[in-house]
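Coordinates in review
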Amino acid sequence: MRAVGIVLLVLYVAAAAAVPSVLDPGWLSLLSEILLMLAMVQMWNLLAGYTGLVSLGHQAFIGIGAYFVFYFSDRLELHPFLLLPVGGVVCAAVAALLAPLLFRLRDAYFSIGIWVFAEIVYLLATKTRELGSTNGVALKAMRLVDTETFARDSFWIAALLALLAVGGVYALIRSRLGLGLMAVRDNELAATSIGIDVWRNRFAAFVISAFGCGIAGATYFTGSMFVSPEAGFDINWVVAMMFIVIIGGIGTIEGLIIGTLLYFGLREGFTAWAGVSGSWYLVAMGAVAIVVMLVAPRGLWGWVREHRGWQGFSERRQPPAMAEGGQG
Amino acid sequence: MDWIETIINGVLLGALYGLLGLGLALVFGVMRVVNLAHGEFIVMAAYAGALLAALMPGVNPLLWVLPVAVLAFGAGYVLQAVLVNRTVKSGDPLTPLLLTFGLAVVLRNLMVEVFGTDPRALDGGAFTRAGVDFLGLRIGLFPLAVLVLAAVMFAALQWLLARTEWGRIVRATSDNARVVRLMGVRPNRVYNTVMGLALAFAAVAGVLLALRSSFTPYSGVERLLIAFEVVILGGLGSFWGAFAGGIALGVAQLVGQKLDSNAAALYAHLLFFVVLVIRPTGLAGRSS
C-alpha cells in the first residue's frame, strides 16, 4: 500500500510539473478549477462526512478568503500568493469565533445557522464601498505580479492544495482526532462515555475545514483576478460540493475524486461539447443525485467498497488479529 | 405614525412568512426530514397561480389558492410515496436531505428552462391594491386577509394534530413508527399525507407571496431560507412559535427597509442571529 502511495505521489508531481507547458491556457484554468474544487470538497466532507455537520454556508469562507487577499495584497503591496495562507488563517479565526455560537445548534439548525451567517457576510460585502460594493473588485495587486508566469504558478498552487487536502484529510482521519470524530458521528453517547471530547473534536474539524476552503477560495479568485459578492458568496459553491459528495460517497476520500471528475465531466460535456444550454447539466446532475441516493445512499465509492471490498484511502487500519472488524 | 404603519405592515408580511415555514416545520417535526426542495415548491405554486390567472382572468386571487393547494397536496403525496419514503427507512437523516437537495436542483433548473429567468409577478387586480383607512393609518385589505387566512390555517393545523384521530395517529407515528405498526397504522401512508399537507401549505404561501412580490425560478433559495429562519426562530415543535417567528422576521425586514432601503434582508438575518445567541431553542422553545 505504501509503495503504491509513493508511486502515485511521484506520478502526480511529475504530471503537475509537466502540465503547464503542454496544455493551453483554457485547459489549464479548467484543470486548476477542478483541483481547487477537489480541495474544497475534501474540506466540506471533513465536516459533513466525519462529524455529520452539513454546512450550507461554506461559501462564506470562500468569499472571505478571496476578499482578504484582494484587499490586503493591494493595501500592503504584497504579492497575492504570499497572502493566500493568511487568508486561510483569517477564515479559521472566523470559524473559531463562530463555533461557540453555531455548535449550540443541532443537525439542520446548524446548516441553516451557518447559511444565515454567509448571507449576512454577503450582504455586508455588497454594502462596503472599499470592497467594490455589488460590483466587485479586480485584483489591483496584479501590478506586483509577473503576468508571464501567473497562470502557471496559480495552477501549481491549485495542484499543491489539492494534494495537501487529500493527503491531509487522509492523515487526519487516521489520527486520534479522526477516529474520535467518527466515533462521535456514529454514536455520540457512546463516544462521550469513553472520554471523547465531542465539542473539541467538532471544533477542530470546523476550523480546519474553514481554513482549507478559505485558501482554496482565495486561490480560485486570485487566479481569475476578479471577485464580486455574487460570485464569492454564491450558494452554488455549496451546491456543487454537495453534488460531488452525494455522488462520490459521503465520508470517503476517493469517492470525492470520482465525484469531482463526474461533476466537471457532465458540466463541460453538456455546455462545451454538446452545446446544451446552461441549466440542463444541472437538471442531469440533480437527477443523478436522486438516483444515487435511492440506489446507493453511500455514493458510488461507498457502493464499490461494499460490493467489491476495495479499500483505497480507507480510514480502516490493518487490524491486529484480535481487533478484526472493529472500526468501520 | 409612519413607524406604526411600518410595524403593522411588518406583522401582516410576517403572517405570510409564518405560512412559508409551517409546512417545513410539519415535515421536520413528524419525519425528521429536512426538505431542501421546500422553496422550489413554493415557487412552483407561484407559477401554477400565474397559469390559473391567465386561464381565469377577473376571478378573486384568493380563490386561485384552493386549486393550487389541492395540486400541491397531490404532488407531495406522490413525492413522499415514490421517493422520500425509500430514503427515510435508511435511518440516516442525511439521505432524505441529500435526496430533496437533488430534487430542488432538478426542479429549479427545469423551471429555468420552461419559464425563463425573467422576474414575474401575479396581478391580483383591484382587490390586492384596496386598503382601508383606520385612525389615520392606511392598511391594505389584501395583507389583512392574508393575516386572517394564515391564522386560520395555523389554528386548523393545531386543531387537526391535537384533537382529531388523524392527529393522534400522526403524533404517535412521529413518536414511534414501529409501535404504531402494531396498531395497524402504515407509517408510510401517514408520511404521505403529512408531506401532501405540508406542500399544500407551502403552495398557499407561494401564491400569496407571489401576489406581493415578483419571483424567478431562483427565488426558491431565498424563500427556503426565510422558511427555515421562521421555523428555527419559532422553536421546534411549536406552530404558534413559527407564527411568532414569521411576524418577528416580517417586522425586522420592513423596519430594516425603512432604515436602509437596500438592506432589508440584512436586518432580518441579524435579528435571527441575535435570537440564536440569546435563545438557541427559539422563541417558543423550551429551554432544556
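Remember, predicted model here, so these are calculated numbers, not experimental data.

What counts as what
- Note on numbering: residues in each chain are counted from 1, in written sequence order.
- As they are written, the chains are lettered A onward and the ligands numbered 1 onward, keeping that order.
- Local features in a predicted model are, by the rule used here, given only for residues with pLDDT of at least 70; side-chain atom pairs are given and counted only at 80 or more, and totals for whole chains, interfaces and linings are based on all residues.
- Elements are defined by DSSP. Helices are runs of H or I of four residues or more, strands are runs of E of two residues or more, and each kind is numbered from the N terminus.
- For the radius of gyration, the atom set is restricted to C-alpha positions; the globular benchmark scales as 2.2 Å times the number of residues to the power 0.38.
- Remark: C-beta atoms are placed from the backbone, and a residue is labelled buried if 20 or more other C-beta atoms sit within 10 Å of its own, exposed if 12 or fewer do, or partly exposed between those counts.
- Each residue is represented by a C-beta atom placed from its backbone, and any two residues with such atoms within 7 Å are regarded as in contact.
- The term nonpolar core refers to a group of buried residues, namely Ala, Val, Leu, Ile, Met, Phe, Trp, Tyr and Cys, whose C-beta atoms join them within 7 Å.
- For the purposes of this description, domain bounds are those given by an automatic or database domain assignment.
- The axes are straight lines fitted to the C-alpha atoms, using for helices just the contacting stretch, and the angles between their N-to-C directions are given from 0 to 180°.
- An angle below 35 degrees is treated as roughly parallel, one above 145 as roughly antiparallel, one from 65 to 115 as roughly perpendicular, and anything else as oblique.
- Whether a crossing is left-handed or right-handed is set by the direction in which the near helix is turned from the far one by less than a right angle, anticlockwise for left-handed and clockwise for right-handed.
- The nonpolar class holds Ala, Val, Leu, Ile, Met, Phe, Trp, Tyr, Cys and Pro. Asp, Glu, Lys and Arg form the charged class, and all remaining residues, Gly among them, are polar.
- The predictor rates its confidence in each residue with pLDDT, a number between 0 and 100.
- Two strands qualify as a pair provided that DSSP identifies no fewer than 2 bridges between them.
- Given a helix with a known number of residues, its expected span is that number minus one, times 1.5 Å.

Considering the overall build of chain A
Across its full length, chain A holds 14 helices and two strands. On C-alpha atoms alone, chain A measures out to a radius of gyration of 20 Å, which is about the 20 Å that the 2.2 N^0.38 rule sets for 328 residues. Counting across all 328 residues of chain A, residues that qualify as buried make up 46%. Taking all contacts inside chain A whose residues are at least 6 apart in sequence as the whole, residues at least 24 apart take part in 77%.

Some words on the nonpolar core
By size, the foremost hydrophobic cluster in this structure holds 205 residues, and its most contacted members are Leu16, Ala45, Val194, Ala203, Val204 and Val207 of chain B. When residues in this core are grouped by element, the largest group, 17 residues, is from helix 9 (residues 187-210) of chain B. Split by domain, the residues of this core number at least three in each of domain 1 (19-234) and domain 2 (235-317) of chain A. When neighbours within four sequence positions are excluded, Ala45 of chain B is seen to be in contact with Val68, Ala72, Ala202, Ala203, Gly206 and Val207 of chain B.

Some words on the packing of helix 2 (residues 38-55) of chain B against helix 3 (residues 65-88) of chain B
All names here are of chain B. At a closest axis distance of 10 Å, the pairing of helix 2 and helix 3 adopts a crossing angle of 135 degrees. By the angle between their axes, helix 2 is oblique relative to helix 3. The hand of the helix 2/helix 3 crossing is right-handed. Here helix 2 contributes Phe41, Ala45, Ala48, Gly49 and Leu52 to the contact with helix 3, which in turn contributes Pro67, Val68, Leu71 and Ala72. For the contact of helix 2 with helix 3, a count of residues per class yields eight nonpolar, one polar and no charged.

Some details on the domain arrangement of chain A
All names here are of chain A. The assigned domain composition of chain A is domain 1 (19-234) and domain 2 (235-317). Each partner contributes to the interface: domain 1 provides 23 residues, whereas domain 2 provides 18 residues. Considering only residue class, the side of domain 1 that touches domain 2 consists of 15 nonpolar, six polar and two charged.

Looking at the interface of chain B and chain A
Of the residues lining the interface, 37 residues belong to chain B; the matching set on chain A comes to 32 residues. At the level of elements, helix 3, helix 4 (94-115), helix 10 (219-234) and helix 12 (264-278) of chain B are the ones that each hand at least two residues to the side of chain B that touches chain A. Per-element tally for the side of chain B that touches chain A: the top contributor is helix 4 of chain B, with 14 residues. Here the side of chain B that touches chain A is built from residues that sort into 27 nonpolar, six polar and four charged.

Focus: the confidence of the model for chain B
When pLDDT drops low, the exact placement of atoms in the prediction is not to be read closely. Residues and elements named next belong to chain B. Overall, the predicted model of chain B reaches an average pLDDT of 86, with 96% of residues at or above 70. Mean pLDDT values over the elements of chain B span from 71, in helix 5 (residues 126-129), up to 92, in helix 9. The ipTM for the predicted assembly is 0.85, set against a pTM of 0.88.

Here we look at the pairing of strand 1 (residues 131-134) of chain B
Remark: a regular strand shows side chains that alternate across the two faces of the sheet. Residue and element names in this part refer to chain B. With four bridges connecting them, strand 1 and strand 2 (residues 137-140) associate as antiparallel partners. Counterpart to Val132 in the pairing with strand 2 is Ile139. Once strand 1 ends, the chain turns through two residues before running back antiparallel as strand 2, passing Leu135 with a positive phi of about 50 degrees.

Description of helix 13 (residues 280-295) of chain A
One full turn of an α-helix is made of 3.6 residues, so residues set three or four places apart face in the same direction. The terminal C-alpha atoms of helix 13 of chain A, which comprises 16 residues, lie 22 Å apart, in line with the 22 Å expected from a rise of 1.5 Å per residue. If you check which residues of helix 13 of chain A are buried, you get Tyr281, Leu282, Met285, Gly286, Ala289, Ile290, Val292 and Met293 of chain A. Buried positions along helix 13 of chain A lie against helix 11 (236-248), helix 12 (254-273) and helix 14 (299-308) of chain A together with helix 3 and helix 4 of chain B.

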